[in-house]
Amino acid sequence: MEIRMIQASEVIPLRHEVLRPHQPIEACIYPDDHAEETFHLGGIKNGCIVAIGTFSKCSFEQDSEITYQLRGMATSPDVRGEGFGKALLEEARNVLVKREARGWWCNARLVAVPFYEQIGLTIASESFEIEGIGPHHVMVDRFKA
């Protein structure tokens, strides 16, 4: 299993396929994709990107120590259950610790909440709706000092 940094353009196909299949591909391009502090990780299997996650420097409004936001986390249905998502987030933690982040947060779709809880994130909000996508919770991963 290979997890490595990838380019912003490389996350778009899987974002579209998994996260926004009924929206135009332009909806898969996020404002911070090319920001200096943003990084993209990819899980690679047989030379193909099968898992993605984008981390942008963006403090969680209720906790200024939580300094990065995960957006666009997706795993190809063909490899779900093989550990790519977990491995990708473990590598993200390594990168974020090196960048002296105190943690990260995300808007987690309700269907993904059990996955995030399993790897140690906690729910930090009531359920809320993102139009055109569905219900979410804010979840956080705080690093131990």
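Here, every reference points to the structure presented above.
Here is what the cut-offs are and how they apply
Per chain, residues are indexed from 1 in the order of the written sequence. The predicted origin of the model limits local features to residues at a pLDDT of at least 70 and limits the giving and counting of side-chain atom pairs to 80 or more, whereas totals for whole chains, interfaces and linings rest on all residues. Water and hydrogen atoms play no part in the side-chain values, which are based on all heavy atoms of the structure. We count a stretch as a helix when DSSP gives it H or I for four or more residues in a row; a strand needs E for two or more, and each element gets its number in order from the N terminus. Per-residue accessibility, obtained with a 1.4 Å probe over protein chains only, is compared with the maximum for each type, and a residue is labelled buried under 20%, exposed over 50%, and partly exposed between these values. In this description, contact between two residues means that some pair of their heavy atoms is separated by no more than 4.5 Å. Expected span of a helix: the number of residues minus one, times 1.5 Å. Each pair of strands is called paired provided DSSP finds at least two bridges between the two strands. Orienting the strands away from the viewer, one traces the path from the first strand over the helix to the second; a clockwise path indicates a right-handed crossover. To form a nonpolar core, buried Ala, Val, Leu, Ile, Met, Phe, Trp, Tyr and Cys residues must be joined to one another through side-chain atoms within 4.5 Å. Salt bridges, as used here, are contacts in which a Lys or Arg side-chain nitrogen is within 4 Å of a carboxyl oxygen on Asp or Glu.

S.K.: Kindly report on the environment of Phe128, identifying the contributing residues and their values.
M.R.: Relative to the assigned elements, Phe128 resides in strand β7 (residues 128-130). Note on Phe128: relative accessible area 26%, which makes it partly exposed. Along the primary structure Phe128 and Asn107 are separated by 21 residues, whereas in three dimensions their C-alpha atoms are 9.4 Å apart. Setting aside residues up to four positions removed in sequence, Phe128 forms contacts with Asn107, Gly134, Pro135, His136, His137 and Val138.

S.K.: Go over helix α1 (residues 8-19) with me, naming the residues and quoting the values.
M.R.: Counted at 1.5 Å a residue, the expected span for α1 with its 12 residues is 16 Å, and the 16 Å between its end C-alpha atoms agrees. Every buried residue belonging to α1 is among Ala8, Val11, Ile12, Leu14, Arg15 and Leu19, and all of these are buried. Looking at the buried side of α1, the elements it contacts are β1 (2-6), β2 (39-45), β3 (48-57), β4 (68-75) and β5 (103-109).

S.K.: Could you give an account of the pairing of β5, naming the residues involved and the relevant values?
M.R.: Among the seven residues that make up β5, five are buried, leaving the element largely enclosed by the rest of the structure. Where β4 lies against β5, three bridges are found, and the strand directions are parallel. Each residue of the ladder has a partner; that of Leu70, found in β5, is Cys106. After leaving β4, the chain enters helix α2 (residues 84-98) and then returns to the sheet as β5, a path that is right-handed. Relative to strand β8 (residues 134-142), β5 runs antiparallel, the two sharing seven bridges. Within the sheet, the bridge partner assigned to Gly103 lies in β8 and is Arg142.

S.K.: Describe the environment of Phe143, naming the residues involved and giving the relevant values.
M.R.: Along the polypeptide, Phe143 turns up in the segment after β8. Relative accessible area serves as the criterion here: at 14%, Phe143 is assigned to the buried category. Taking the C-alpha atoms as reference points, Phe143 and Ala101, separated by 42 residues in sequence, lie 8.1 Å from one another. With near-sequence residues (within four places) excluded, Phe143 lies in contact with Arg93, Leu96, Val97, Ala101, Arg102, Gly103 and Trp104.

S.K.: Pulling in residues and values, what's your account of the nonpolar core?
M.R.: Membership of the largest hydrophobic core comes to 27 residues, with the highest contact counts inside it found for Phe55, Leu70, Leu89, Leu96, Trp104, Cys106 and Tyr116. Sorting the residues of this core by element identifies β2, β3, β4, α2, β5 and α3 (113-118) as the ones contributing at least two each. The leading source of residues in this core is α2, at seven residues. The contacts of Leu96, once residues within four sequence positions are left out, are Phe39, Phe55, Tyr68, Ala101, Trp104 and Phe143. Of all hydrophobic cores here, the second largest spans nine residues; its members include Leu14, Leu19, Tyr30 and Ile52.

S.K.: Describe the pattern of salt bridges, naming the residues involved and giving the relevant values.
M.R.: For the structure shown, the criterion picks out five salt bridges. The shortest N-O distance in the salt bridge between Arg4 and Glu2 comes to 3.1 Å. Here Asp141 ties to Arg93 by a salt bridge, and the two come within 2.6 Å at their closest N and O atoms. Of this pair, Asp141 sits in strand β8 while Arg93 sits in helix α2, and the two are 48 residues apart along the sequence.

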